[in-house]
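Take a look at the letters that make up each chain.
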Amino acid sequence: MGIPQDRYDQYVRLETDACGLYVAFSPQAVTGSVPSSMVVSTEMFEELHWSRTGRTAMRCDVPFRGLRTALRSGRAKNLAVDLGRLSEGQRAVLGAVRSVPRGQLRPMSWIAREAGTGQDTDVLEALRLNPVVHLVPCHRVTYEDGTPCDAAYLPSTGRALRDAEGIDMERVAEFGRQGLSLLGSDTTRIFCHPTCAHARRITAAHQRPFHDAAEAHRAGFRACRVCRPVTV
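None of the values given here were measured: they were computed from a predicted structure.

Undergrad: Explain the layout of surface pockets to me, please; I cannot follow it from the model alone.
TA: In this approach a probe as big as a water molecule rolls over the atoms, and the regions it shows empty are the leftover space. Here the largest pocket is characterised by a volume of approximately 410 Å³. In this structure, the largest pocket is lined by 25 residues; those nearest its centre are Pro107, Glu144, Ser181, His193 and Pro194. Those elements that provide at least two residues to the lining of the largest pocket are β5 (106-107), α4 (108-115) and α7 (169-177). Taken together, the residues of the lining of the largest pocket sort by class into 11 nonpolar, nine polar and five charged.

Undergrad: I would appreciate a short explanation of the sheet that holds strand β1 (residues 9-15) in the present structure.
TA: Sheets are built from strands that pair by backbone hydrogen bonding, the pairs being arranged parallel or antiparallel. Sheet architecture is open: four strands sit in the order β3-β2-β1-β4, paired in mixed fashion. Two strands in the sheet have a free side with no partner beyond their single neighbour: β3 (30-35) and β4 (57-59). Each strand axis lies, on average, 30° off the axis of its neighbour in the sheet, ignoring direction. Relative to β4, β1 runs parallel, the two being bridged by three bridges. Within β4, the position partnered with aspartate 9 by the bridge is alanine 57.

Undergrad: Any chance you could explain the sheet that holds strand β8 (residues 190-192) here in plain terms?
TA: One open sheet holds the four strands; their spatial order is β9-β7-β8-β10, and the pairing between them is mixed. Each edge of the sheet is formed by a strand with only one pairing partner; in this case those strands are β9 (207-210) and β10 (222-223).

Calculation criteria
Residues numbered from 1 in each chain as written. Predicted model: local features only at pLDDT ≥ 70, side-chain atom pairs only at ≥ 80, totals over all residues. Heavy atoms only, no water. 1 Å grid on protein atoms, 1.4 Å probe; cavity = no way out; pocket = protein on both sides within 12 Å on 5 of 7 lines; lining within 4 Å. Points joined across faces, edges and corners; volume = space filled by probe spheres on them. Helix = DSSP H or I, 4+ residues; strand = E, 2+ residues; numbered from the N terminus. Nonpolar A, V, L, I, M, F, W, Y, C, P; charged D, E, K, R; others polar. Pairing = 2+ DSSP bridges. Axes fitted to C-alpha atoms, helices over the stretch in contact; angles between N-to-C directions.

None of this, on its own, says anything about what the molecule does.
Here it is, written out as structure tokens:
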């Protein structure tokens, strides 16, 4: 008789547009993921998984249901994940991170607000402890000046993930150098995060950049209800 599957996790190694990815899972949820750039062998991944979860990981050929679709689309918000021993606050932070759409970025202050914590340090710690990187997309989180906050993995991995999603980091960096953080449309009078899908559709002639929400409000603009640069 074989060992019951609920006594161990299984894992697969899959290729994505950005990197190879080891993904472990129980029958109920994904329990961990690590880019191949951070582990030199399957044995190392198995040891890391054991040290974090106390569960053996056994390689298999069939991935967790919905995993391939989530990786292909970059939309893993509804994928079942098990965050292990993280605190309630850390889970809230990673829940906010999961709501950031593919191809977009959010600053740590936005993540903190959405998670109900007032501390960027809490956000940073939760990102560092993220056990399901790539699938919980902490590569979409930045510092306030737009600098990537790659707390959970190598900067080269975060860069590859953002490139694969078509995020124009040069434009984001230029915004940061000018002290700008928001982009409005002088036709709709709405302001967004610069990488919001609505902001990307604003033609150059109608773009109105702002340093902060207060400046945008003074100019008679209102916040986007999709990317929520402020509570609306």
